[in-house]
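What follows is each chain in one-letter form.
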Amino acid sequence: MRKIYVFDTTLRDGEQSPGVSLTTEEKVEIAIQLQKLGIDRIEAGFAAASPGEIESIRAVSRQVKNATLLSLARCHVKDIDAVVEALRDAEDPCLHLVLATSPIHREHKLHMDKAKILETAASAIRYGRKFFSKVEFSAEDASRTEIDFLCEVTKMAIDAGACVVNLPDTVGFATPEQFGNMFKMIKSSVPGIEKIQLSTHCHDDLGMATANTLAAIANGVDQFEGTINGIGERAGNTCLEEVALALETRSDYYGAKTSLNLSEIYRTSRMVSKLTGMSVPGNKAIVGVNAFAHESGIHQDGMLKNRSTYEIITPETIGASSSKLVLGKHSGRHAFKEKLIDLGYELNEEQLNIAFSKFKVLADRKKNILSEDIRALLDENMAEGPKPLTLDNIQVSYGNKTMPTAAVRIMKENGDMVEEAAVGNGSVDAVYQAIAKATGIIAELEDYTIHSVTHGTDAQGEVHVVLRQGEASASGRGVSTDIIEASAKAYLEAMNRLISRQDREKRREGNIVIY
Ligand code: KIV
Ligand code: ZN
């Protein structure tokens, strides 16, 4: 089996998803989990974006011991210097350089001709090599670049000292056959290609990122780049978990595998969803809640006779144990702790105490507590980071012939309480109006989704919202057996992110320019 290296860019390209802005603590938490997943290469950010970004990358680099750590840079001395600073403490650092090569980018964005592109990239790689023994070069918009010129670019990168050459489908334009052929040509015609690793990086604008990535792998690339849950710019990046599972399940066809710990996939997916506030669609391949659900009678019959009739991957493979009654009202602390270990959570004493008391509150509201409930509880209550606003109390009055009214009491970070009441065209609207009045923060509700964590009328509801304030947007998630409470929590979490981001941005110097 050929080993395929996995390059995760959840913390860089993934963070470019609209509404997503991770704190340093959240980036560190994700990076630690990515290591458990067995990711080979972790891209922690775009160092030149701001001094705060450099600090985040440095914080991540101090925790990453078992993976190569990268930061992106344009082919500018100042960007490379920022990466030198950001990766100072990394055990296995790698500079990731990018320069666009396609005619559209050359003419309209860079105003450079082919010779200038070659010269700029080569001198940046040489400069980078003074500080880093590993340099990856990405030819942005490679899939829309003339193939002859792409061969020249690849040769230049090899000669200048890059150890990985990445050819992205930056705008998700390629088709699998075309994209596969591009790599076939590069492999067969660039002198010295055997000295480096070839990499692919796809976007999902036409829904072909996974197919294009697999086509690249079938045509000899050594590394693929992607994000957890496929988050990222516009329609997102390649879903890392989809490619890993496709290689695992169809190793007969691809003859290639990653060395990921697949049983960490589900947990990583949930963590990224929780910290970015981006919900995973129910029908999403591999990690969606319905990915292993069998609804129709014929399918259920087949499953009962032999699971392989309709199941090509088991939930256990990705660490998603199926819904089981795990605990109830009378379960003790010891049983709770054992269950957490079983589900893969490692909590310190203080976290365990908090989680156990939350579990007891939930057990009073919900009779049967399933694995999913425990995960939702833990994901919510262990969330780190500043909490400028916390929901203290909520009261709603609803009747189908009266205007819904809500009263909320919110605690500020300094312990002060603010209280307000408002009416709305529905209960959730009334709650959101009351929160806006109490906090004085006006934000537009851009997206609101709700789904039930498990089945049954007493199931917990999980709400995801996206709030917008001018240019800034932020997402939030809330879980409760009551959907009004879950809605309020999600709204406040998104507000907290907006507030924390504004605080961070006030502290930042310089402009944010991100690829
Ligand atoms: O999409 C892209 O081309 C990128 C590069 C920086 C690798 O994200
Ligand atoms: Zn990208």
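The rules behind these values
Residues numbered from 1 in each chain as written. Chains lettered and ligands numbered in written order. Predicted model: local features only at pLDDT ≥ 70, side-chain atom pairs only at ≥ 80, totals over all residues. Heavy atoms only, no water. Axes fitted to C-alpha atoms, helices over the stretch in contact; angles between N-to-C directions. Helix = DSSP H or I, 4+ residues; strand = E, 2+ residues; numbered from the N terminus. Parallel < 35°, antiparallel > 145°, perpendicular 65-115°, else oblique. Left-handed = near helix turned anticlockwise from the far one by under 90°. Contact = heavy atoms within 4.5 Å. Nonpolar A, V, L, I, M, F, W, Y, C, P; charged D, E, K, R; others polar. Donors = N, O, S within 2.8 Å, 3.2 Å for Na, K, Ca; no water. Buried < 20%, exposed > 50% of the residue type's maximum accessible area, 1.4 Å probe, protein only. pLDDT = per-residue confidence, 0-100. 1 Å grid on protein atoms, 1.4 Å probe; cavity = no way out; pocket = protein on both sides within 12 Å on 5 of 7 lines; lining within 4 Å. Points joined across faces, edges and corners; volume = space filled by probe spheres on them. Domains from an automatic or database assignment. Pairing = 2+ DSSP bridges. Buried area = accessible area lost by both parts, 1.4 Å probe. Salt bridge = Lys/Arg side-chain N within 4 Å of Asp/Glu carboxyl O. Polar contact = N/O pair within 3.5 Å; in protein donor to acceptor, adjacent residues only side chain to side chain.

A. Expanded view of the packing of helix H8 (residues 209-218) against helix H9 (residues 240-249). Relative to each other, H8 and H9 sit at 50°, their axes nearing to 10 Å. One way to sum up the angle between H8 and H9 is to call them oblique. The element H8 and its partner H9 pack so that their crossing is right-handed. Across the interface between the two elements, Thr210, Thr213, Leu214 and Ile217 from H8 touch Glu242, Val243, Ala246 and Leu247 from H9. The residue makeup of the contact of H8 with H9, split by class, is five nonpolar, two polar and one charged.

B. Fine view of the coordination of the zinc ion (ligand 2). Protein ligation of the zinc ion (ligand 2) involves Asp13 (OD), His201 (NE2) and His203 (NE2), the donor distances falling in the range 2.0 to 2.2 Å. Taken in sequence order, the residues that donate to the zinc ion (ligand 2) follow the motif D-x187-H-x1-H. One end of the pair, Asp13, is in the loop between strand S2 (5-8) and helix H1 (24-37); the other, His201, is in strand S8 (residues 197-202), with 188 residues separating them in the sequence. Among the residues examined, His201 registers a relative accessible area of 5% and is labelled buried.

C. Broad picture of the confidence of the model for the protein chain. Looking at the protein chain as a whole, the pLDDT averages 92, with 95% of positions reaching at least 70. Note on residues 509-515: pLDDT under 50 across the span, and 18 contacts to partners over four residues away in sequence or across chains.

D. Region of the structure containing the side chain of Asp141. Assignment of secondary structure puts Asp141 in the loop between strand S6 (135-140) and helix H6 (147-160). Among the residues examined, Asp141 registers a relative accessible area of 0% and is labelled buried. Discounting chain neighbours no more than four positions away, the residues touching Asp141 are Thr101, Ser102, His105, Pro168, Thr170 and Val171.

E. Representation of empty space enclosed by the protein within the structure. The full count for this structure, using the stated rule, is three cavities of 30 Å³ or more. The computed volume of the largest cavity comes to approximately 220 Å³. Every residue lining the largest cavity is counted, 16 residues in all, and those nearest its centre are Arg270, Val280, Val289, His451 and Glu462. Looking at the lining of the largest cavity, the element that brings in the most residues is helix H11 (residues 265-276), giving five residues. Both domains that meet at the lining of the largest cavity, namely domain 1 (2-276) and domain 4 (389-507), each give it at least three residues.

F. Geometry of the pairing of strand S14 (residues 405-412). Pairing analysis gives eight bridges linking strand S13 (residues 389-397) to S14, with the strands arranged antiparallel. Pairing of Thr390 across the sheet is with Met411, part of S14. Between the end of S14 and the start of strand S15 (residues 417-423), which pair antiparallel, lie four residues, with Gly415 showing a positive phi angle near 95°.

G. Molecular detail of the domain arrangement of the protein chain. Per the domain assignment, the segments of the protein chain are domain 1 (2-276), domain 2 (294-322), domain 3 (325-383) and domain 4 (389-507). The straight-line distance from the C-alpha centre of domain 1 to that of domain 4 is 37 Å. Residue-level contacts link twelve residues of domain 1 with ten residues of domain 4. Of the roughly 770 Å² buried where domain 1 meets domain 4, counting both sides, 31% is carbon and sulfur surface. Among the residues domain 1 hides against domain 4, the three largest losses belong to Gly19, Ser21 and Lys274. Together they make up 53% of the total. Applying the counting rule to domain 1 against domain 4 returns one salt bridge. Counting the contacts that link domain 1 with domain 4 gives three residue pairs in polar contact (both at pLDDT 80 or more). Its residues placed into classes, the side of domain 1 that touches domain 4 shows four nonpolar, five polar and three charged.

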